[in-house]
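The chain contents come next:
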Amino acid sequence: MIYTKKNLKISTWNINGYISKGFNKFEDDIFVDNLLQQDIFCLQETHCDLDNCLELPNFQRPVHLIRPRTKPSGKRHGGLSVYILNTIRPGVKFLEHATNDFIWLKLDRTFFGFQEDLYICFVYNPPENSSYYRKLDYNILEMIENDIVKYSQSGKIMIAGDLNARTACEIDHIQMDSDKHIPLFDNYKCDSSLIQRKSKDSSINTRGRQLLSLCISSSLRILNGRTMGDLMGAHTCFQPLGSSVVDYFLASEELLPNFTYFHTHNFLPDFSDHYKYIWDDNSVSAFQDAINSNEIKNFIRQYKDKIYDQDSINNAAEDLNKIFLKAADLSLKKIIRKPKNARRRKLKKNREWQDQDIIN
């Protein structure tokens, strides 16, 4: 069997618990409809037991990573759930995992028509000051980096999820890289000259520096802030003390041309304090139609007529990105309503742990 679609829609979302103030997000139409539009998606911080995980009719073999209950409260924290659309499930293999903090998927190159296999790691890396993280005797990013070394020998890499890393606008590659000056391995690949990514988060932390180091050593690049749809590096997490960028998509440098559109979803505070990320190149035609609409053409004319000097080049980039975002909103055609007004849908609960999917 060969997958005939030309694109995939992949998303990741930290939902900050499936229940909030007595409201069950899994029973909400808007929440569920957002997920049904994806081919592959990962929910982080589900806080679920195995008997109350979300079940969707077109995603019949999800995999759930469940943390033990904390003491003495007995509450669940963390948790990952990964869903694969039934029609593409034969081309996806879940790989063995050593912890419940991240999981790897292998997308078969023959099934999907790729030049190489694609290895996707969905991850939730808890805050460094959390009690759970302080008790760990391993470093999650180091474990992922070891896996990257192994899997990159036979395919390309993608990392997605809440990494709780703040990287500001620091570079994630070697600038002006060259193999002309010192002896190097024959298979050394120089980093390409990439556009400087942007971020609305100006802070950097220890975890962020570790993530940047991983990007440089593994030839991975951050999509946030340098990909169509998110050229300014939108905030992904909103807390009372401020906003930040802590959720990321990373990909092998050679994959960057394949990401035609990358969208940070509208903020839905009733569902989560995190944005949802979507790799949505299926919306390319809709986006092109929106760009050609009279409304967007009018914005473009105004942009062309406006004069920017050298000192306001950042303003020019931000104004241009606003036009792209307006076009994206037109193409998505989504009406965001308050969940309390939404029609409730009762969903059956998944009561079976799909362990065989982990060790295919």
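Criteria and cut-off values
Residues numbered from 1 in each chain as written. Predicted model: local features only at pLDDT ≥ 70, side-chain atom pairs only at ≥ 80, totals over all residues. Heavy atoms only, no water. UniProt positions renumbered as here; feature names shortened; annotations may be inferred. Helix = DSSP H or I, 4+ residues; strand = E, 2+ residues; numbered from the N terminus. Core = buried A, V, L, I, M, F, W, Y, C linked by side-chain atoms within 4.5 Å. Buried < 20%, exposed > 50% of the residue type's maximum accessible area, 1.4 Å probe, protein only. Contact = heavy atoms within 4.5 Å. Expected span 1.5 Å × (residues − 1). Arc of directions from axis to C-beta. Lys, Arg positive; Asp, Glu negative; His and termini not counted. Salt bridge = Lys/Arg side-chain N within 4 Å of Asp/Glu carboxyl O. Pairing = 2+ DSSP bridges. Axes fitted to C-alpha atoms, helices over the stretch in contact; angles between N-to-C directions.

- Per an unreviewed UniProt entry, the protein chain carries the name exodeoxyribonuclease III and comes from Mytilus edulis.
- Recorded in UniProt under Sequence similarities (unreviewed entry), the annotation for the protein chain is "Belongs to the DNA repair enzymes AP/ExoA family."
- In the Catalytic activity (unreviewed entry) part of its UniProt record, the protein chain is described as follows: "Exonucleolytic cleavage in the 3'- to 5'-direction to yield nucleoside 5'-phosphates."

Structural notes on the UniProt feature "site: Important for catalytic activity" (unreviewed entry) in the protein chain
Alright, step 1. In the numbering used here, UniProt assigns the feature "site: Important for catalytic activity" (unreviewed entry) to D247.
Alright, step 2. Mapping D247 onto the fold places it in strand β15 (residues 247-252).

Remarks on the nonpolar core
Alright, step 1. Counting residues in each nonpolar core, the largest one holds 48 residues, and the members touching the most others are L43, I88, L105, L107 and F122.
Alright, step 2. Not counting residues up to four positions away in its chain, the partners in contact with F122 are I10, S11, T12, I40, C42, L80, V82, D101, F102, I103, L105 and A160.
Alright, step 3. Y119, C121, V123 and A165 belong to the second largest nonpolar core, which has 26 residues in total.

Here we look at helix α5 (residues 206-218)
Alright, step 1. Across its 13 residues, α5 extends 18 Å between first and last C-alpha, which sits within 8% of the 18 Å expected from 1.5 Å per residue.
Alright, step 2. If you check which residues of α5 are buried, you get R207, G208, L211, L212, L214, C215 and S218. On an axial view of α5, the arc spanned by its buried residues comes to 155°, and they lie on one face.
Alright, step 3. Those residues of α5 hidden inside the fold are in contact with α3 (131-135), α4 (140-151), β12 (220-222) and β15.

Looking at the side chain of R67
Alright, step 1. Along the chain, R67 falls in the loop between β6 (63-65) and β7 (80-84).
Alright, step 2. With no salt bridge to any partner, buried R67 finds its closest opposite charge in D101, at an N-O distance of 4.5 Å.

A short note on the sheet that holds β12
Alright, step 1. Read across the open sheet, the 6 strands follow the order β8-β9-β10-β11-β15-β12; overall the sheet is mixed. Single-partner strands in this sheet number two, and they are β8 (92-94) and β12. Taking each pair of neighbouring strands and ignoring which way they run, the sheet shows an average axis angle of 20°.
Alright, step 2. Sheet topology note: the strand β11 (residues 155-162)/β15 ladder contains 5 bridges and is antiparallel. Paired with I159 across the strands is L250, a residue of β15.
Alright, step 3. Running over the sheet, α4 touches β9 (102-107), β10 (117-124), β11 and β12 and is turned about 20° from β9.

Thoughts on the pairing of β7
Alright, step 1. With respect to burial, β7 is a largely interior element, 5 of its 5 residues being buried.
Alright, step 2. Burial along β7 is two-sided: L80, V82 and I84 and S81 and Y83, pointing in opposite directions, are all buried.
Alright, step 3. Bridge count between strand β4 (residues 40-44) and β7: 5 bridges; the pairing is antiparallel. Opposite L43, over in β7, you have S81 as the bridge partner.
Alright, step 4. Sheet analysis places β6 next to β7, joined by 3 bridges and oriented antiparallel. Each residue of the ladder has a partner; that of V63, found in β7, is V82.

Digging into unusual backbone geometry
Alright, step 1. Between K71 and the following residue, P72, the backbone shows a cis peptide bond with an omega angle of 0°.
Alright, step 2. Within the fold, P72 resides in the loop between β6 and β7.
Alright, step 3. Positioned with a positive phi, S219 is a non-glycine residue whose angle comes to about 55°.
Alright, step 4. Within the fold, S219 resides in the loop between α5 and β12.

Observations regarding the pattern of salt bridges
Alright, step 1. Going through the model one piece at a time under the given rule, you end up with 8 salt bridges.
Alright, step 2. Between R166 and D201 there is a salt bridge whose closest N-O contact spans 2.8 Å. Pair noted here: R166 is in the loop between β11 and α5 and D201 is in the loop between β11 and α5, with a separation of 35 residues, a long-range link.
Alright, step 3. On the accessibility criterion, D201 (3% relative accessible area) is buried.
Alright, step 4. D172 is the partner of R226 in a salt bridge, and the nearest nitrogen-oxygen pair spans 2.8 Å. With a gap of 54 residues between them, R226 in the loop between β12 and β13 (237-239) and D172 in the loop between β11 and α5 connect regions that are remote in the sequence. Of the two residues, R226 and D172, neither departs from the other in class, the shared state being buried.
Alright, step 5. When salt bridges with common partners are traced through the structure, they connect D49, R69 and R76 into a single cluster.

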